[in-house]
Structures are given as structure tokens and as C-alpha cells.
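Residues per chain are reported as follows:
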Amino acid sequence: LDGGNPSFYLDAAFTQLSDADTLSEAISSVANNGIIYIGTTYTIANTEYLSTSDTIKIQRLAGFTGAMIEVSSTGELVIGKNSLGETMAGKIIVDGGAIWQTSRGANTTPNNSQYAENAGIAAQESMIVVQDGAKLYMYKDVALQNNELKYDGKAGAAIYSLGDIVAEGVTIERNLACHGAV
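Below you will find a few notes about this structure.

What counts and how
Residues numbered from 1 in each chain as written. Predicted model: local features only at pLDDT ≥ 70, side-chain atom pairs only at ≥ 80, totals over all residues. Heavy atoms only, no water. Salt bridge = Lys/Arg side-chain N within 4 Å of Asp/Glu carboxyl O. Buried < 20%, exposed > 50% of the residue type's maximum accessible area, 1.4 Å probe, protein only. Core = buried A, V, L, I, M, F, W, Y, C linked by side-chain atoms within 4.5 Å. Helix = DSSP H or I, 4+ residues; strand = E, 2+ residues; numbered from the N terminus. Contact = heavy atoms within 4.5 Å. Patch = residues over 30% accessible without salt bridge, like charges linked within 9 Å, V, L, I, M, F, W, Y side chains within 5 Å. Areas by Shrake-Rupley, 256 points an atom, 1.4 Å probe, with all protein chains shown as cover. Pairing = 2+ DSSP bridges. Axes fitted to C-alpha atoms, helices over the stretch in contact; angles between N-to-C directions.

### Considerations on the pattern of salt bridges
Applying the stated criterion across every chain, the model contains three salt bridges. Note that Glu 148 is salt-bridged to Lys 150, the shortest N-O span being 3.7 Å. Among the residues examined, Glu 148 registers a relative accessible area of 10% and is labelled buried. Notably, a salt bridge pairs Arg 174 with Glu 173, separated by 3.3 Å at the nearest N-O pair.

This is the structure in C-alpha cells:
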């Protein structure tokens, strides 16, 4: 078990996904357009593949502000391909829980802070942290979205990495931090 004691929930009312020991198992056990809520940092120490033929959202649980996924120095995370190297047919969305609302005018994207503000979760960590020596691979139809990193001096609202990243056809949007999304 890579994650130690993972906290995967089916809803914001803390209905625990009890049969899932890994994030990969959690993804396999939810229906199309399902949401998996993460309430503690899930650590990957080995190799884990996240793929689906459906659309699945991995969402930060309200009240949790830490990193959603941490790839340790011995870990490797592959999002969007299975262990055979086949590209998934579905979509995986990692969502930090920021809810962007208009405070003035019609612009609701965080690239213009004069017009948008976050009414959701203000995180203290990136959504994905990649430690030195770790590897993160992301492929088509993976989206990293809606994370506001409120801690001054922190870099990478979507990803903070000391390791290796390969990203092909990935969408990174609506993330805000002092020093960028990645």
C-alpha cells in the first residue's frame, strides 16, 4: 500500500471509499463522471498508473489544504496511460477546489486577479508534489485545474517538482500561485 492510510471519499459528506487502497483502485471503482475526494496527501512510493475509459475527477476535500498527491523519491506516477502503455479513452481531472467567481465584470479566470476571486479552497501546497528522483508522466486528456496556492513564496499551484516531468497534451488551467502553475 503506497498511500499508508488513504482517505478517498465518494462525496463531501465523507462517505469513505473503503475498498480502495490505491488511487488507481479508487478510479476503477467509481462510475463515469464520478468524483473521488482526497482528504489527506496520497503518497506514491512505487509505480502507479492512473487511467480510465470514463471521465473521473480527483477533487481536494473541503478543509484539506495540503498536497493531494506526492510522488516520493522512489515513485513514478503515470496519468493517462495504463501499465501496457496504452493511452486511455477517458479523462482524468485533478481539481484543487478553488471556485473562481466574478468580483467585477465578466472575467472569471485567475490570470486577472482584479476581476476574479476564489470562493473555494485556498491551498497551502501544490496539487501534485514530485520529489527529487521521482517521475511524473501525464498524457492526453489529463487536466490540472482550480488550485490557488496562498502560501507566499511557494511555487507551482498545479505541480511543484524537483524530479522529472513529461507532459503531452495536458491541460493546466485556472491555477494561481506567486511563482506560477508549475
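Here the narrative resumes.
### Notes on the nonpolar core
If you look at the biggest cluster of nonpolar residues, it comprises 32 residues, and the most contacted ones within it are Leu 23, Ile 79 and Ile 128. No other element matches helix H1 (residues 23–28), which puts three residues into this core. Sequence-distant contacts of Ile 79, defined by excluding residues within four places in its chain, comprise Leu 50, Ile 92, Ile 128, Leu 136, Tyr 137, Met 138, Tyr 139 and Val 142.

### Regarding a nonpolar patch on the surface
The grouping of Ile 165, Ile 172 and Val 182 at the surface amounts to a nonpolar patch, some 230 Å² of accessible area in total. Relative to the elements of secondary structure, Val 182 occurs in the segment after strand E17 (171–176). Classification of Val 182 by relative accessible area gives exposed; the value is 57%.

### Considerations on the environment of Glu 70
Tracing the sequence through the fold places Glu 70 in strand E6 (residues 69–71). For Glu 70, a relative accessible area of 23% translates into the label partly exposed. As for Glu 70 and Ile 128, which are separated by 58 residues in sequence, their C-alpha atoms are 5.8 Å apart. What Glu 70 contacts, discounting residues up to four positions off in sequence, is Thr 41, Tyr 42, Thr 43, Ile 44, Val 129 and Gln 131.

### Things to note about the pairing of strand E13 (residues 135–138)
Side chains on a regular strand alternate between the two faces of the sheet. Residue alternation in E13 divides its side chains into a buried set, Leu 136 and Met 138, and an unburied set, Lys 135 and Tyr 137. As paired elements, strand E7 (residues 76–79) and E13 share four bridges and run parallel to each other. Paired with Glu 76 across the strands is Lys 135, a residue of E13. Here E13 runs beside strand E16 (residues 164–167); their pairing, made up of four bridges, is parallel.

### Let's talk about the sheet that holds strand E4 (residues 47–50)
One open sheet holds the four strands; their spatial order is E4-E7-E13-E16, and the pairing between them is parallel. The open sheet terminates on both sides in strands that have one partner only, identified here as E4 and E16. Pairwise comparison of adjacent strand axes, ignoring direction, gives a mean angle of 5 degrees for this sheet. Bridging between E4 and E7 involves four bridges; their strand directions are parallel. Looking across to E7, one finds that Glu 48 is bridged to Leu 77.

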